[in-house]
Amino acid sequence: MTATLIDGKAFAARLRQGIAGQVDAMRARGITPGLAVVLVGEDPASQVYVRAKGKQTREVGMTSFEHRLPADTSERDLLALIGRLNDDPAVNGILVQLPLPEHMDEAAIINAVDPAKDVDGFHILNVGLLATGQKAMVPCTPLGCLMMLRDHLGDLSGRRAVVVGRSNIVGKPMAQLLLRDSATVTIAHSRTQDLPSLCREADILVAAVGRPGFVKGDWIKPGATVIDVGINRTPDGLVGDVDFEAARAVAGAITPVPGGVGPMTIACLLANTLTATARKND
Ligand code: GUN
C-alpha cells in the first residue's frame, strides 16, 4: 500500500484564491484588510517567513505593514509599537514573529496584542476561548492541519488522534481543535512511555516535535492519516518529523515535507486576517 499524498500546496492555493475573492468583495465596500507583521532581529528563518507572509498578503489584495526592528530593541519600544498597531484602524491583524530576542518577555508581548487582531491565536484570551469551545482566533498551523484532515477524512468524530508534541503553537491547540471536532485525543511528548505503541493506535497521527524523521514507519497504524508538521533543515534539505519513505508504505494518507503543512500556515494567516476584518465590520 502506498499512501495518498495530501497536497498542502494545492490546498493552500485554492484557499488563497477564495480569500482573494472575499477581499475583492470587501474592497468593493471600501474595506481593505490589513496585516501587520513585526520582526525583531535578524533570525534567518524568520526573515524568510516574514518575506513570504508580506508577499502573499499583497497577492490576495490585502495591505501588508512590515515592521523590522533591531535585535536590541527594548521591550518598552516593542510594546509601544504594538499599542499603535492596536489603535490603527487600517490594521486588522497583528503578528509578532517568534522567537523574540532573549531579553524580551514573550508572554507579555503576545498578551499586549489586541485579542481581536491576534491572527496568531496566541493571546491568552484566544487560548481560553478555544479551550472552552467559544469563538476564538485559532493558531494558523493547527488550523491548516485541521482543514486538511477534514478535507481528507470528512467527519472526525470518534476517531482516535495522537498529537506528538505539546507546544503552545502547535501541539496544544491542535489537540483542542481535534477535540472540538469530537475526536478522541491523546497528547504525547518526550516523557510518554512506549510512544510507538501509542502512535500505532492512532487513526490520525500529528507529528510536531521538531526532530527530523522522529516518527518511524512501524509506529503507524496501517491506513492512518499522518500529518507531518516538522520543518527541519538538514544537510539533505528540508525534512519532516516523520520518516517519510517508511511511513508512506504504511499510512493511508500523509502530508509531504515540503508541500504539506507549510504552505497551509500562511494561507490560514490570511484566512484569520479576513476573519478578524469581517468580525470588526459585522
Ligand atoms: N514562528 C514560528 N511559527 C510561528 C507562528 O506561527 N507565528 C509566529 N508569530 N511566529 C512563529
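Residues numbered from 1 in each chain as written. Predicted model: local features only at pLDDT ≥ 70, side-chain atom pairs only at ≥ 80, totals over all residues.

### With respect to the sheet that holds strand β4 (residues 93–96)
Overall, parallel pairing links the three strands, which are arranged β3-β2-β4 in an open sheet. Where the open sheet ends on each side, the last strands, each with one partner, are β3 (63–69) and β4. In this sheet, neighbouring strand axes are inclined to one another by 15° on average, regardless of whether the strands run parallel or antiparallel. Direction of pairing for strand β2 (residues 34–40) relative to β4: parallel, over a ladder of four bridges. Paired with V37 across the bridge in β4 is L95. In this fold helix α3 (residues 75–87) packs onto β2, β3 and β4, with an angle of close to 175° to the strand it touches most, β2. (Pairing = 2+ DSSP bridges. Helix = DSSP H or I, 4+ residues; strand = E, 2+ residues; numbered from the N terminus. Axes fitted to C-alpha atoms, helices over the stretch in contact; angles between N-to-C directions. Contact = placed C-beta atoms within 7 Å.)

### Quick word on the nonpolar core
With 85 residues, the main nonpolar core has V163, V164, L205 and V206 as its most contacted residues. With 10 residues, helix α10 (residues 261–281) is the largest single contributor of residues to this core. When residues are assigned to domains, this core turns out to be shared by domain 1 (32–114) and domain 2 (139–262), each giving three or more. Each residue touching V163, except ones within four places of it in the same chain, is listed here: G171, M174, A175, V185, I187, A188, V206 and A208. (Core = buried A, V, L, I, M, F, W, Y, C linked by C-beta atoms within 7 Å. Buried ≥ 20, exposed ≤ 12 C-beta atoms within 10 Å, placed from the backbone. Domains from an automatic or database assignment.)

### A word on the UniProt feature "domain: Tetrahydrofolate dehydrogenase/cyclohydrolase NAD(P)-binding" (unreviewed entry) in the protein
Listed under "domain: Tetrahydrofolate dehydrogenase/cyclohydrolase NAD(P)-binding" (unreviewed entry) in the UniProt record, and renumbered for this structure, are residues 139–279. The distance from the first to the last C-alpha atom of residues 139–279 is 17 Å, and the span holds 38% helix and 18% strand. (UniProt positions renumbered as here; feature names shortened; annotations may be inferred.)

### Topic: the pairing of strand β8 (residues 225–228)
Look at any regular strand and the pattern is simple: side chains alternate between the two faces of the sheet. On β8, burial covers both faces: T225 and I227 on one face and V226 and D228 on the other are all buried. Looking at chain direction, strand β7 (residues 204–207) and β8 are connected through four bridges and run parallel. Bridge pairing in β8 places L205 opposite V226. Bridge count for β8 against strand β11 (residues 253–254) is two bridges, and the pairing is parallel.

### Considerations on the site of the ligand
Within the structure, the ligand sits among L95, V96, Q97, L98, D120, C140, T141 and I169. When contributions to the shell around the ligand are tallied by element, the ones reaching two or more residues are β4 and α6 (140–153). Classifying every residue of the shell around the ligand gives five nonpolar, two polar and one charged. Per-domain counts for the shell around the ligand show at least three residues from each of domain 1 (32–114) and domain 2 (139–262). (Near = placed C-beta within 6 Å. Nonpolar A, V, L, I, M, F, W, Y, C, P; charged D, E, K, R; others polar.)

### Structural notes on the sheet that holds β11
Strands pair in a sheet through their backbones, by hydrogen bonds, and they do so in one of two ways: parallel or antiparallel. Across the sheet, six strands lie side by side as β1-β11-β8-β7-β5-β6; this open sheet has parallel pairing. The open sheet has two edge strands, β1 (4–5) and β6 (184–188), and neither has a second partner. Set on the sheet, α6 makes contact with β7, β8 and β11; between it and β8 the angle comes to about 160°.

### What about α3?
Residues three or four positions apart in an α-helix share a direction because the helix packs 3.6 residues into each turn. Taking 1.5 Å as the rise per residue, α3 with 13 residues should run 18 Å; its terminal C-alpha atoms sit 18 Å apart, in good agreement. When α3 is considered as a whole, its buried residues turn out to be L78, I82 and L85. When α3 is viewed along its axis, its buried side chains cluster within an angular range of 60° and face the same direction. Exposed residues on α3 whose side chains face more than 90 degrees from its buried face are R76, A80, R84 and D87. Of the surrounding secondary structure, the elements contacted by the buried residues of α3 are β2, β3, β4 and α4 (106–110). (Expected span 1.5 Å × (residues − 1). Arc of directions from axis to C-beta.)

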